[in-house]
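Structural features, examined
So the chains spell out like this:
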Amino acid sequence: MDLENELRLALRRTTAPAGFADRVLARNRRRRSSGLFWATGVAAAALIGFFTYQRYQQMAEEQAGRQAVLALRIAAEKLNYARAKVLRISTEN
Amino acid sequence: MTEEWTETAVPIRVAKEKLDFEQCVRLHEALVFSMAMASTRDHAVAEEIAQDVFLELYRKLPDLDSPAHVANWLRRVTANRLIDQARVRQRKPQTPLEDVPELSSPQVQQDPWVGELLRELVASLPEPSRTIVILRYQEDMDPQDIASDLGIPVGTVKSSLHRALAKLREKLGRRHGETNVWT
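Below or above, wherever it landed, is the structure these notes cover.

Bringing the interface of chain A and chain B into the picture now. The interface of chain A with chain B comprises 26 residues on the first partner and 50 residues on the second. Taken over both partners, the interface formed by chain A and chain B buries close to 3700 Å², and the fraction arising from carbon and sulfur atoms is 60%. The three residues of chain A that bury the most area against chain B are Leu11(A), Arg12(A) and Arg13(A), which together make up 21% of that side's buried surface. If you look at where chain A meets chain B, you find four salt bridges. The residue Asp22(A) makes a salt bridge to Arg26(B) at a minimum N-O spacing of 2.7 Å. Linking chain A with chain B are ten residue pairs in polar contact (both at pLDDT 80 or more). Of all the secondary-structure elements, those providing two or more residues to the side of chain A that touches chain B are helix 1 (3-10) and helix 2 (20-92) of chain A. With ten residues, the top contributor of residues to the side of chain A that touches chain B is helix 2 of chain A. Residues belonging to the side of chain A that touches chain B are distributed by class as follows: twelve nonpolar, three polar and eleven charged.

If you want it as structure tokens, here you go:
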């Protein structure tokens, strides 16, 4: 018996199981959907993070502005106090 | 797009064929499943491997140029996957003989006992000999192409084939209880 010929016969292609292609397509659709789900989640988390950071920056700037205004007010009051004292001294003299 | 050179040496842009995934699956399911079944002799494992190969094809499809390219890619990926799988998975045939799938071209007759015995013996070969035999006798590939697909020297392919055939003859001889029957 010719072994190589018998091997060719024995190893002829078999049909794939019924519904095989449909199962592959369904699994591929599920995999793509879950991939899209995770990608959307990551994008949403990135956007939320970005806007949160922006708001934090804005609040920090506002806080810095308020502190600057307060510092100027304190400096102005001290100047007024000093001016008033100088005027009183010069009036008394 | 790919370029083709005419006799006048002017490149002509040839549109790549638009390959449809579903069409590729239906056209090549027998090729991939048969290779996996010949290697594992296990229906469920063969289907799992075949499905994985096609899912990988989906990602790769934009890079492939033609249906022939797809078939070659599927053979190569399936062969390498079978070799890798054999390293981690022990062969446990679980498919009863009556559930063995039908041959896609049954018109050529073979003694069913001989056929089944050969399939079992091929599946019992160590890798990569097993996959080399499948590529040679199922897919009718020549040793040079097998070597290229598996990334091994052509000399290794030829010696693997030689040893595999010798082993198969020996085992068949023992099963038959005869010697020198197989040529």
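So much for the structure itself; the text now carries on.
This part covers the packing of helix 5 (residues 129-137) of chain B against helix 6 (residues 143-150) of chain B. All names here are of chain B. Packing of helix 5 against helix 6 leaves a shortest axis separation of 10 Å and a crossing angle of 135°. Looking at the two axes, helix 5 sits oblique to helix 6. Seen from above, helix 5 lies across helix 6 with right-handed handedness. Together, Ile132, Leu135 and Arg136 of helix 5 and Pro143, Ile146 and Leu150 of helix 6 make up the contact between the two elements. Partitioned by chemical class, the residues of the contact of helix 5 with helix 6 number five nonpolar, no polar and one charged.

Before going further, it helps to spend a moment on the packing of aromatic side chains. Overall, the coordinates contain three aromatic pairs over all chains when judged by the stated rule. Ring geometry for Phe20(A) and Phe54(B): centres 5.9 Å apart, planes at 65°, overall edge-to-face. With one member in each of two chains, Phe20(A) in helix 2 and Phe54(B) in helix 2 (residues 43-60) form a pair that bridges those chains. Here the two residues Phe20(A) and Phe54(B) agree in accessibility, since each one is buried. An angle of 65° between the planes, with centres 5.4 Å apart, marks the rings of Phe50(A) and Phe51(A) as edge-to-face. On the basis of relative accessible area, Phe50(A) is assigned to the partly exposed category, the value being 45%. Note that Arg136(B) overlies the ring of Tyr137(B), its terminal NZ or CZ placed 5.7 Å from the centroid.

The next thing to look at is the pattern of salt bridges. In this structure the tally under the stated criterion is 13 salt bridges over all chains. In this structure, Asp52(B) and Arg27(A) form a salt bridge, with 2.7 Å as the shortest nitrogen-oxygen distance. Separated into two different chains, Asp52(B) in helix 2 and Arg27(A) in helix 2 make up a pair that spans both. Residue Glu116(B) is joined to Arg119(B) by a salt bridge in which the shortest nitrogen-to-oxygen separation is 3.4 Å. Here the residue Glu116(B) and the residue Arg119(B) both occupy positions in helix 4 (residues 112-123), the gap between them amounting to three residues, near one helical turn. Each member of the pair, Glu116(B) as well as Arg119(B), is classed as buried. One network of salt bridges, in which partners are shared, links Arg27(A), Asp52(B), Glu56(B) and Arg81(B).

Bringing the packing of helix 1 of chain A against helix 4 of chain B into the picture now. Contact geometry for helix 1 of chain A and helix 4 of chain B: axes closest at 9 Å, N-to-C directions at 90°. By the angle between their axes, helix 1 of chain A is roughly perpendicular relative to helix 4 of chain B. Of helix 4 of chain B, the residues touching helix 1 of chain A (which contributes Leu3(A), Glu6(A), Leu7(A) and Ala10(A)) are Val114(B), Gly115(B), Leu118(B), Arg119(B) and Val122(B). Split into classes, the residues belonging to the contact of helix 1 of chain A with helix 4 of chain B amount to six nonpolar, one polar and two charged.

The rules we used
Residues numbered from 1 in each chain as written. Chains lettered and ligands numbered in written order. Predicted model: local features only at pLDDT ≥ 70, side-chain atom pairs only at ≥ 80, totals over all residues. Heavy atoms only, no water. Contact = heavy atoms within 4.5 Å. Buried area = accessible area lost by both parts, 1.4 Å probe. Salt bridge = Lys/Arg side-chain N within 4 Å of Asp/Glu carboxyl O. Polar contact = N/O pair within 3.5 Å; in protein donor to acceptor, adjacent residues only side chain to side chain. Helix = DSSP H or I, 4+ residues; strand = E, 2+ residues; numbered from the N terminus. Nonpolar A, V, L, I, M, F, W, Y, C, P; charged D, E, K, R; others polar. Axes fitted to C-alpha atoms, helices over the stretch in contact; angles between N-to-C directions. Parallel < 35°, antiparallel > 145°, perpendicular 65-115°, else oblique. Left-handed = near helix turned anticlockwise from the far one by under 90°. Phe/Tyr/Trp six-rings, centres within 6.5 Å; stacked < 30°, edge-to-face > 60°. Buried < 20%, exposed > 50% of the residue type's maximum accessible area, 1.4 Å probe, protein only. Lys NZ or Arg CZ within 6 Å of the ring centre and 35° of its normal.

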